[in-house]
Amino acid sequence: MAIRRKSTKSPPILSHEFILQNHADIVSCVAMVFLLGLMFEISAKVAIIFVTLQYNVTLPATEEQATESASFYYYGIKDLATIFFYMLVAIIVHAIIQEYVLDKINRRMHFSKTKHSKFNESGQLSAFYLFSCIWGTFILVSENYISDPTILWRSYPPNLMTFQVKFFYILQLAYWFHAFPELYFQKTKKEDIPRQLVYIGLYLFHIAGAYLLNLNHLGLVLLVPHYFVEFLFHISRLFYFTDEKYQKGFSLWAVLFVLGRLLTLILSVLTVGFGLARAENQKLDFSTGNFNVLGVRIAVLASICITQAFMMWKFINFQLRRWREHSAFQAPTVKKKPTVTKGRSRKGTENGVNGTVTSNGADSPRNRKEKSS
């Protein structure tokens, strides 16, 4: 009698399709574990590292500044746990926007596969850029960065951050880290993965650099206009997918994109190249968070300039490609208007369409006369 062997296949709960379809529920359960951990004394000490901001410092009140004590923050290794938790939150929010907003629009519009993926990408990024731009502008106004731009270099090193500044950077890092697993969850095409890895890596490199080098003031000032320009591009692409005649948004974006690159270079050179270069304290000190030395300033300016040059190169290639596509689209319409004389056009209509010979050319009046003779 033959013995039946047990199947070695993985159970459905561990399958690839199950994870893709239920990744939001799985991530939600993991996030709930940390939240429930706050309710028990045994696990609260561990869970609080993931949920709340760490490295809190309370400064006593002074007669000149405030009547109450103020809380400030600095960064440390425990921030990685907080970033991980809010990365899970970002995945959940991503799934909510995808299911309840973007998927409903996709079902109504019946996009192709290419437009479907690009529409989802622009929909997610436009929501994030809008949220970050509004929040960043509120911080700039409340922290008096706009009224006094010299604070960008005069207050360096600002090793102590307010709650909203640190929370802003934690969420920024969490969002861009969440973009890596989303490449798997959203079934991104292989040819699109390198492009997305490049811009995700650039965001993480510059945001983490500003956070670790205590250039959070400069980073915040540069992120807000950049996010606004990117929001305009993605919202214009959303309107373009619904109506391909819509092109005004891209024209406005092209102008603001160039202005945004110039603004980034000007503020970076003024802050790092002139403001910090003239500061009195130019000694490397990890305890106070002072990185104002020549090597760091050169590295910061070089990274910013190279990134801006790379973005301009991609922008020029994008505009040239659009110009070629527009020229190729307009070329057939120009050929449909030939300049011919009245007699020749009549002969052309007898022989076919626009002078091309057809099968009815053998039955012209002259041929019929020759046949009758």
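Rules used throughout
- Residues numbered from 1 in each chain as written.
- Predicted model: local features only at pLDDT ≥ 70, side-chain atom pairs only at ≥ 80, totals over all residues.
- Heavy atoms only, no water.
- UniProt positions renumbered as here; feature names shortened; annotations may be inferred.
- Salt bridge = Lys/Arg side-chain N within 4 Å of Asp/Glu carboxyl O.
- Helix = DSSP H or I, 4+ residues; strand = E, 2+ residues; numbered from the N terminus.
- Buried < 20%, exposed > 50% of the residue type's maximum accessible area, 1.4 Å probe, protein only.
- 1 Å grid on protein atoms, 1.4 Å probe; cavity = no way out; pocket = protein on both sides within 12 Å on 5 of 7 lines; lining within 4 Å.
- Points joined across faces, edges and corners; volume = space filled by probe spheres on them.
- Nonpolar A, V, L, I, M, F, W, Y, C, P; charged D, E, K, R; others polar.
- Contact = heavy atoms within 4.5 Å.
- pLDDT = per-residue confidence, 0-100.
- Phe/Tyr/Trp six-rings, centres within 6.5 Å; stacked < 30°, edge-to-face > 60°.
- Patch = residues over 30% accessible without salt bridge, like charges linked within 9 Å, V, L, I, M, F, W, Y side chains within 5 Å.
- Areas by Shrake-Rupley, 256 points an atom, 1.4 Å probe, with all protein chains shown as cover.

- An unreviewed UniProt entry lists the protein chain under the name Translocating chain-associated membrane protein, with Myotis davidii as the source organism.
- The annotation that UniProt attaches to the protein chain under Subcellular location (unreviewed entry) is "Endoplasmic reticulum membrane".
- The record in UniProt for the protein chain states the following under Subunit (unreviewed entry): "Interacts with SEC61B. May interact with Derlin-1/DERL1."

### Topic: the pattern of salt bridges
And step 1. Going through the model one piece at a time under the given rule, you end up with four salt bridges.
And step 2. Between lysine 166 and aspartate 79 there is a salt bridge; the shortest N-O distance is 3.1 Å. Remark: aspartate 79 occurs in helix 4 (residues 79-109) and lysine 166 occurs in helix 7 (residues 163-185); sequence separation between them is 87 residues.
And step 3. Classification of aspartate 79 as buried rests on a relative accessible area of 3%.
And step 4. The partner of arginine 195 in a salt bridge is glutamate 121, and the shortest N-O contact between them spans 3.4 Å. Linking arginine 195 in helix 8 (residues 193-212) with glutamate 121 in helix 5 (residues 113-142), this pair joins segments that are 74 residues apart in sequence.
And step 5. With relative accessibility at 40%, the residue arginine 195 sits in the partly exposed group.
And step 6. Residue class for glutamate 121 comes out buried when judged on its relative accessible area of 13%.
And step 7. It is possible to trace a salt-bridge network through shared partners that takes in Glu121, Arg195 and Arg237.

### Some details on empty space enclosed by the protein
And step 1. Within the structure shown, the criterion is met by one cavity of 30 Å³ or more.
And step 2. Taken as a whole, the largest cavity encloses approximately 60 Å³ of empty space.
And step 3. Considering only residue class, the lining of the largest cavity consists of eight nonpolar, one polar and one charged.

### Remarks on the environment of serine 71
And step 1. Note that serine 71 resides in strand 2 (residues 70-73).
And step 2. Spatially, the C-alpha atom of serine 71 lies 9.3 Å from that of leucine 160, the residues being 89 residues apart in sequence.
And step 3. Not counting the four nearest positions on each side in its chain, serine 71 is found in contact with Asn56, Val57 and Thr58.

### Here's the deal with the confidence of the model for the protein chain
And step 1. For the protein chain, the average pLDDT comes to 83, and 81% of its residues sit at 70 or higher.
And step 2. Predicted confidence for residues 1-8 stays below pLDDT 50, and this span has zero contacts to residues more than four positions away or in other chains.
And step 3. Contacts of residues 341-373 to residues separated by more than four positions or lying in other chains number 13 contacts, the stretch itself having pLDDT below 50.

### Comments concerning the packing of aromatic side chains
And step 1. Evaluation of the coordinates by the stated rule reveals 41 aromatic pairs.
And step 2. An angle of 50° between the planes, with centres 6.5 Å apart, marks the rings of phenylalanine 119 and phenylalanine 241 as tilted. Taken together, the positions of phenylalanine 119 in helix 5 and phenylalanine 241 in helix 9 (residues 216-242) put the pair 122 residues apart, joining distant regions of the chain.
And step 3. The class for phenylalanine 119 is buried, based on a relative accessible area of 3%.
And step 4. Residue classification places phenylalanine 241 among the buried positions, given a relative accessible area of 9%.
And step 5. Pairing tryptophan 176 with tyrosine 203 gives two aromatic rings, centres 4.1 Å apart and planes at 5°, and the pair type is stacked. Taken together, the residues tryptophan 176 in helix 7 and tyrosine 203 in helix 8 connect sequence positions 27 residues apart. We note that tryptophan 176, like tyrosine 203, is buried.

### Thoughts on a nonpolar patch on the surface
And step 1. Among the surface-exposed residues, Val255, Val258, Leu259, Leu262, Ile266, Val269, Leu270 and Phe274 lie close enough to one another that they form a single nonpolar patch of about 660 Å² accessible area.
And step 2. Its relative accessible area of 48% is what places leucine 259 among the partly exposed residues.

### Here's the deal with unusual backbone geometry
And step 1. Its identity is not glycine, yet lysine 187 carries a phi of approximately 55°, on the positive side.
And step 2. For lysine 187, the location among the structural elements is in the loop between helix 7 and helix 8.
And step 3. Accessibility expressed as a relative area gives 52% for lysine 187, which makes it exposed.
And step 4. A positive phi angle, close to 60°, is found at asparagine 214, a residue other than glycine.

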